[in-house]
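# A look at the structure
Single-letter residue listing:
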Amino acid sequence: MKNFTSVTDLGPLDQAIKEAFEIRDNRYKYDTLGKNKTLLMLFFNSSLRTRLSTQKAAMNLGMNVMVLDINQGAWKLESERGVVMDGDKPEHLLEAIPVMGAYADIIGVRSFAQFKNRDDDYQEKILNQFIKYSGRPVFSMEAATRHPLQSFADLITIEEHKTKAHPKVVLTWAPHPNALPQAVPNSFAEWMNVADCDFVITHPHGYELDASFTGDAVIEYDQMKAFEGADFIYAKNWSAASPEHYGEVLSKDRSWTVGSRQMAVTNNAFFMHCLPVRRNMIVSDDVIESPRSLVIPQAANREISATVVLKRLLENL
Ligand code: AN0
Ligand code: CP
């Protein structure tokens, strides 16, 4: 594997799942593969899970790891070409990227949607510059439109817990005070479209995700109806994705907060969320604390998905 930015880079999912279970059962199996190889993890945005799980994955493979928070201690980076740099940004990505490439064998990048220009975000302008100018394999640690390491961990978690071949999986929007990216729901939809499941997405009007991600999913605007008979409930907030209202918060309707009222009509569904989660906005205390909540196993599986991805990238060096 050359780069990892979406589900298509991984090839057949059954093979990827097999590798994930192999790693889960012996996570140090390839502990010399990364000897004298250096991973640079680059964060333009905050992180708890991605930072720790990806570093742990690299250590499982015997790699050296460097972590850089661009906004804390590095120079602020300009990303537009042709700009007269007389503002607050002392360095350009076009120099910074090849410099970083000189020190690293593999580069992980976290760079959220900026909500300034929908086309720039949806064309993955920042991530693609890393691929173009670093000369190194690049993987997404959540970019503008996708969070594939999360979706891979989500898929592993569903595979571990499903009790039928084609479970009903429901992605539900839930309220949040701020404008959040569409990366997690986009990616989850993209992966569920490839996986073996009945996939339903539910959200208020105005929160339609881009059709390139939703694919064959059934869109149901009635949340209670969507939840009927579900085996897995995946909650997430996202802001509007449409060109007219891109990045806007259109609703904070707390009747969409996932609680026992909605879970009661499911098939005793498991509850999932990528974390960080705002309790009693996205999900009630009792649902996230219930024995059916998978949020901690999901987060734990981030180490597994990252180990598989780094292993594949190392094998191709
Ligand atoms: C981010 C998001 O919604 O994309 C990261 C989730 C993994 N969440 C927040 O900014 C709260
Ligand atoms: N789920 C996830 O990516 O969490 P962090 O933002 O803490 O990395």
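Note that the structure is predicted; figures quoted are calculated from it, not measured. All residue numbers refer to positions counted from 1 along the written sequence of the respective chain. Chain A is the first chain written and ligand 1 is the first ligand written, with later ones labelled in order. Only residues with pLDDT of at least 70 are given local features in this predicted model, and only at 80 or more are side-chain atom pairs given and counted; all residues enter the totals for whole chains, interfaces and linings. To get the side-chain values, all heavy atoms of the structure are used, and hydrogens and water are removed first.

## A closer look at the packing of aromatic side chains
Spelled out, the test is: Any Phe, Tyr or Trp ring, taking Trp's six-membered ring, that has another such ring centre within 6.5 Å forms a pair; planes under 30 degrees apart are called stacked, those over 60 apart edge-to-face, and the others tilted. What counts as a helix is a DSSP run of H or I of at least four residues, what counts as a strand is a run of E of at least two, and both are numbered from the N terminus. Note on classification: 1.4 Å probe, protein chains only; a residue is buried when its accessible area is under 20% of the maximum for its type, exposed when over 50%, partly exposed between these limits. Geometrically, a charge over a ring is one whose NZ (Lys) or CZ (Arg) sits within 6 Å of the ring centre while staying within 35 degrees of the ring normal.
Applying the stated criterion to the full structure yields ten aromatic pairs. With centroids separated by 6.3 Å and ring planes inclined at 70°, the aromatic side chains of Tyr122 and Phe213 adopt a geometry described as edge-to-face. One end of the pair, Tyr122, is in helix H4 (residues 118-122); the other, Phe213, is in helix H8 (residues 211-214), with 91 residues separating them in the sequence. Judged by relative accessible area, Tyr122 falls into the buried class, the value being 18%. The class for Phe213 is buried, based on a relative accessible area of 4%. Consider the rings of Trp173 and Trp256, whose centres lie 6.0 Å apart with planes at 80°: the pair is edge-to-face. Residue Trp173 is located in strand E7 (residues 168-173), and its partner Trp256 is located in the loop between strand E10 (232-236) and helix H10 (260-263); the two are separated by 83 residues in the primary sequence. Each member of the pair, Trp173 together with Trp256, is buried. The structure contains a cluster of three or more aromatic residues connected by ring pairs, namely Phe115, Tyr122, Phe213 and Tyr246. Here the basic side chain of Arg51 rests over the ring of Phe43, its NZ or CZ set 4.5 Å away from the ring centre.

## As for the domain arrangement of the protein chain
Basically, it comes down to this: Boundaries of every domain are those given by an automatic assignment or by a domain database. Note on contacts: a residue pair is in contact if any heavy atoms of the two residues lie within 4.5 Å. By convention, the term buried area covers the 1.4 Å-probe accessible surface removed from two parts as they join, with the contributions of both added.
Structurally, the protein chain comprises domain 1 (7-146 + 302-315) and domain 2 (150-298). Here the C-alpha centre of domain 2 lies 25 Å away from the C-alpha centre of domain 1. Between domain 1 and domain 2, the contact holds 26 residues from the first and 31 residues from the second. In this assembly, domain 1 packs against domain 2 so that about 2,300 Å² is buried in total across both faces, 67% of it on carbon and sulfur atoms. For the domain 1 face of the interface with domain 2, the top three residues by lost area are Phe115, Arg118 and Tyr122, together amounting to 28%.

## Observations regarding the site of ligand 2
Filter applied, for reference: In this text, near means that some heavy atom of the residue lies within 4 Å of the molecule or strand in question. Counting of polar contacts relies on pairs of N or O atoms within 3.5 Å, with two restrictions inside protein: one atom must be capable of donating a hydrogen and the other of accepting it, and residues adjacent in sequence are counted only when both atoms are side-chain atoms.
Surrounding ligand 2, one finds Ser47, Leu48, Arg49, Thr50, Arg110, His147, Gln150, Cys274, Leu275 and Arg302. Gln150 has a polar side-chain atom sitting 3.0 Å from a nitrogen atom of ligand 2. Between ligand 2 and Arg302, the relevant distance is 3.0 Å, taken from an oxygen atom to a side-chain nitrogen or oxygen of the residue. Taken together, domain 1 (7-146 + 302-315) and domain 2 (150-298) each give at least three residues to the shell around ligand 2, which thus spans both.

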